[in-house]
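Spelled out, the chains give:
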Amino acid sequence: MIPPANEPRKRKNFFRGLGKFAFGLIALVGSVLLFAEFTRFETSGGELRLHVFGVLLYNVGGKWLTCGVVLLGGAYAIYEGYQQATHPGRKSL
């Protein structure tokens, strides 16, 4: 039997979805590690290098806002990855 013409595209979207899902998991773990690093920085002092966007978020809302933004980005990537992997014809943002 001949596979449908859109089969390679579905497979490609599935693996893109898995990539987004994996990126989201890394971001979730990264937000926890970032929170631990901020806690260490606040208690013991020292130096912490951040991107200018991270510094701005930290100055506005502290470690909770900074880690929350990373956490929400990871959760959104997990959601988008899951949707793309399970619904290959769905349009992504």
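Report on the accompanying structure. From a predicted model like this one, the values you see are computed outputs, not experimental measurements.

**Here we look at helix H2 (residues 52–86)**
Part 1 of the argument: Between its terminal C-alpha atoms H2 stretches only 36 Å, short of the 51 Å expected from 35 residues at 1.5 Å a residue.
Part 2 of the argument: Where H2 bends most, the angle comes to about 130°, and this point is Gly61.

**Notes on the environment of Gly17**
Part 1 of the argument: On the secondary structure map, Gly17 appears in helix H1 (residues 7–44).
Part 2 of the argument: Along the sequence, Gly17 and His87 sit 70 residues apart, while their C-alpha atoms lie 9.4 Å from each other.
Part 3 of the argument: In contact with Gly17, not counting residues within four places along its chain, are Gly81, Gln84 and Ala85.

**As for the side chain of Thr66**
Part 1 of the argument: Looking at the element boundaries, Thr66 is found in helix H2.
Part 2 of the argument: The class for Thr66 is buried, based on a relative accessible area of 5%.
Part 3 of the argument: In contact with Thr66, not counting residues within four places along its chain, are Leu34, Phe38, Gly54, Leu57 and Tyr58.

The rules behind the values
Every chain begins its residue count from 1, and numbering advances along the sequence as written. In keeping with the model being predicted, local features are shown solely for residues with a pLDDT of at least 70 and side-chain atom pairs are shown and tallied solely at 80 or more, while totals for entire chains, interfaces and linings include all residues. For the side-chain quantities, the full set of heavy atoms in the structure was used; hydrogens and water were omitted. For helices the rule is a DSSP run of H or I covering at least 4 residues; for strands it is a run of E covering at least 2, with both sets numbered from the N terminus onward. Here the expected length of a helix is defined as 1.5 Å per residue gap, with one fewer gap than residues. Bend, in this description, refers to the angle at a residue between axes fitted to the seven residues ending there and the seven starting there. Any pair of residues with heavy atoms lying within 4.5 Å of one another is described as a contacting pair. The buried label goes to any residue with under 20% of its type's maximum accessible area, the exposed label to any with over 50%, and the partly exposed label to all in between, with areas taken from a 1.4 Å probe on protein chains only.

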